[in-house]
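Understanding the architecture of this molecule
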Number of protein chains: 2
Amino acid sequence: MNISQAAEATGLTSKTIRFYEQQGVIPPAARAANGYRIYSEQQLDMLRFIKRSRDLGFSLDESRALFALSQDPTRTSASVKQKAEQQIQRIDQQIESLQQMRALLETAVSECRGDEQADCPILDQLNGMTDESVCGGKA
Amino acid sequence: MNISQAAEATGLTSKTIRFYEQQGVIPPAARAANGYRIYSEQQLDMLRFIKRSRDLGFSLDESRALFALSQDPTRTSASVKQKAEQQIQRIDQQIESLQQMRALLETAVSECRGDEQADCPILDQLNGMTDESVCGGKA
DNA sequence: GCTTGACCTTACAGTGACTGGAAGCACTAA
DNA sequence: TTAGTGCTTCCAGTCACTGTAAGGTCAAGC
C-alpha cells in the first residue's frame, strides 16, 4: 500500500502523511525498492487514530501523546479522561469567545438598514461609537 | 506619542503595531528626529478600529477593507452589512464544528470511569471502536 | 562624564498545521 | 518512445503574530 492509497484509506492527504512523518508524529514509513513509502494496516490504524484525534481538536502533539497512551498497557483511564476534559474546556472557551463575537455582530447587523446610505451602526461599533460596557446597547 | 504609548492606548502591543505597518494594514508612521515612530490621535483611532475588527474575528485583510469602507463617504451600509453577515456565517460554522467535537468528547468522557484501569472508551473512540454513524452510540 | 536600564530600531526565525509548487525519478499504457 | 500520472525531496507561503538578537537612544543617578 503506497502513500496515496494510505491517504485514501485514512481520509488524510499524501502531503499530510509525509508532514506527519517529518514532524515525528508517526515513525518513518518502510520503503519499497523504488523508494516509495509503504504502509501496513497497523500504520493505517495509527494514521486514523491521529486523524480522529485531530478532528476532536487535539493538537498534533497531544494526538501523538494520546496514541502513545493507547499503546501503553500501563496507562490509566484517568490520565486519558483528564486530557479529554481539558480539551472540552478549551473548546468551551473557544465557543464562548465565538458566541461573544457573534452577539456583538448580530446586534450591529440587526441595527443596520443595509441600504444605499452610508450611515452604518456596524462601522459605528468598530469606531467605538457605541457603549461597549453594555453589549450592543442602543443608549 | 511613541509606539509603546500607542500600544497602551489601543490595547495592542508594540510588536503588533509594527507588524501592521509592515503588512500595510496601516500606513507608515511618522518618525521623530531620533527615528522613533510617532502616533497621532487619528492613527490611534485607526489602530483601535483594526483591533475591534480583529476582536470580532475579521481577518487583517478584511479589517483593512472595513476601515477603508469606514473612511469612504460613498460607501453603502449594505456593503458593510454583507461583510458582517458573512462573518456571522463563518462564526456559526466554527461554533457548529466545535459543538460537534464537544458532543463527541462529552459522550466519551461520560462513559469513561477515569480510574486506575487501562480500559478507556475515549481511546476506543479514537481507535474507531465505536459506531461513528451514531454519535457516541453505545450499541 | 559614565553607567545602568528601559525603550526604540531593524531583521530574521519560530509558531501550528498544513498547502502549493518546482525539479527530478519511477511506473504504466499506448 | 512518449505521455501522463505518481512518487520523491526540498523550499516557500499561509495567518497573525511572537521571540530573539544586535544595536542605537534617552533619562536618571552617581
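Scroll up to find the structure this text is about.
Source: prediction; values computed, not measured.

1. Description of the interface of chain A and chain B
How big an interface is tends to be expressed through the accessible area that disappears when the partners come together. Taken together, the contact pairs 50 residues of chain A with 50 residues of chain B. The salt bridge involving Asp92(A) is made with Arg102(B); its shortest N-O contact spans 2.5 Å. On the surface where chain A and chain B come into contact, there are 16 residue pairs in polar contact (both at pLDDT 80 or more). Those elements giving two or more residues to the side of chain A that touches chain B turn out to be helix H3 (41-55), helix H4 (60-71), helix H5 (77-111) and helix H6 (121-126) of chain A. With 20 residues, H5(A) is the largest single contributor of residues to the side of chain A that touches chain B.

2. Quick notes on the relation of the copies chain A and chain B
Turning chain A through 180 degrees and shifting it by 0.0 Å along the axis lays it on chain B, with an RMSD of 0.1 Å. The relationship between the two copies is best expressed as a two-fold rotation axis. For chain A, the residue whose C-alpha comes nearest the rotation axis is Ile95(A), separated from it by 2.9 Å. Mapped onto chain B, 100% of the interface residues of chain A again fall at the interface, so both copies present the same surface.

3. Some remarks on the packing of helix H1 (residues 3-10) of chain A against H3(A)
All names here are of chain A. Viewed as axis vectors pointing N to C, H1 and H3 meet at an angle of 50 degrees, and their least axial separation amounts to 10 Å. The angle between H1 and H3 falls in the class oblique. Where H1 crosses over H3, the handedness of that crossing is right-handed. Between H1 and H3, the contacting residues are Ala6, Ala9 and Thr10 on the first element and Leu44, Leu47, Arg48 and Lys51 on the second.

4. Side note on helix H2 (residues 14-22) of chain A
All names here are of chain A. Listed in full, the buried residues belonging to H2 are Ser14, Ile17, Tyr20 and Glu21. The buried residues of H2 occupy one face: seen down the axis, they fall within an arc of 125 degrees. Residues of H2 that are exposed and point more than 90 degrees away from the buried face comprise Lys15 and Gln22. Directly beyond the C-terminal end of H2, a positive phi value near 80 degrees is found at Gly24.

5. Quick notes on the protein's contact with DNA strand D
Contacts to DNA strand D come from 18 residues, most closely from Ser4(A), Arg37(A), Lys15(B), Phe19(B) and Tyr20(B). Looking at DNA strand D alone, sugar and phosphate atoms form 65% of those within 4 Å of the protein. Between DNA strand D and the protein, one listed contact pairs a base nitrogen with a side-chain N or O atom of Tyr36(A) at 3.1 Å. Breaking the surface near DNA strand D down by element, the ones donating at least two residues are H1 and H2 of chain A together with helix H2 (14-22) of chain B.

6. Re the side chain of Ser63(B)
All names here are of chain B. Here Ser63 is to be found in helix H4 (residues 60-71). For Ser63, a relative accessible area of 0% corresponds to the buried category. Look past the residues within four positions of Ser63 in its chain and what remains in contact with it is Phe49, Ile50, Ser53, Arg54 and Phe58.

7. Some details on the environment of Asn2(A)
Of note, Asn2(A) is situated in the segment before H1. Put simply, Asn2(A) and Ala29(A) are 27 residues apart on the chain and 9.9 Å apart in space, counted from C-alpha to C-alpha.

8. Some words on H4(A)
All names here are of chain A. Between its first and last C-alpha atoms H4 spans 17 Å; for 12 residues at 1.5 Å apiece the expected length is 16 Å, and the two agree. Among the residues of H4, Ser63, Leu66, Phe67, Leu69 and Ser70 are the ones counted as buried. All buried residues of H4 project into a common sector of 155 degrees when viewed along the axis, lining one side.

9. Considering the environment of Ser14(B)
All names here are of chain B. Locating Ser14 in the fold gives a position in helix H2. In this structure the C-alpha to C-alpha distance between Ser14 and Asn2, which are 12 residues apart in sequence, comes to 9.5 Å. In this view, Ser14 contacts Ile3, Ser4 and Ala7; residues no more than four positions away in its chain are not counted.

10. Concerning the pattern of salt bridges
Per the stated rule, a full pass over the model turns up 22 salt bridges over all chains. Here Glu21(B) and Arg37(B) are joined by a salt bridge, their closest N and O atoms 2.9 Å apart. Of this pair, Glu21(B) sits in helix H2 while Arg37(B) sits in strand E2 (residues 37-38); the two residues are 16 residues apart in sequence, bridging distant segments of the chain. Residue class for Arg37(B) comes out buried when judged on its relative accessible area of 18%. Connected via shared salt-bridge partners are Glu21(A), Arg31(A) and Arg37(A).

Procedures and definitions
Residues numbered from 1 in each chain as written. Chains lettered and ligands numbered in written order. Predicted model: local features only at pLDDT ≥ 70, side-chain atom pairs only at ≥ 80, totals over all residues. Heavy atoms only, no water. Contact = heavy atoms within 4.5 Å. Salt bridge = Lys/Arg side-chain N within 4 Å of Asp/Glu carboxyl O. Polar contact = N/O pair within 3.5 Å; in protein donor to acceptor, adjacent residues only side chain to side chain. Helix = DSSP H or I, 4+ residues; strand = E, 2+ residues; numbered from the N terminus. Least-squares fit on C-alpha atoms with pLDDT ≥ 70 in both. Axes fitted to C-alpha atoms, helices over the stretch in contact; angles between N-to-C directions. Parallel < 35°, antiparallel > 145°, perpendicular 65-115°, else oblique. Left-handed = near helix turned anticlockwise from the far one by under 90°. Buried < 20%, exposed > 50% of the residue type's maximum accessible area, 1.4 Å probe, protein only. Arc of directions from axis to C-beta. Near = heavy atom within 4 Å. Expected span 1.5 Å × (residues − 1).

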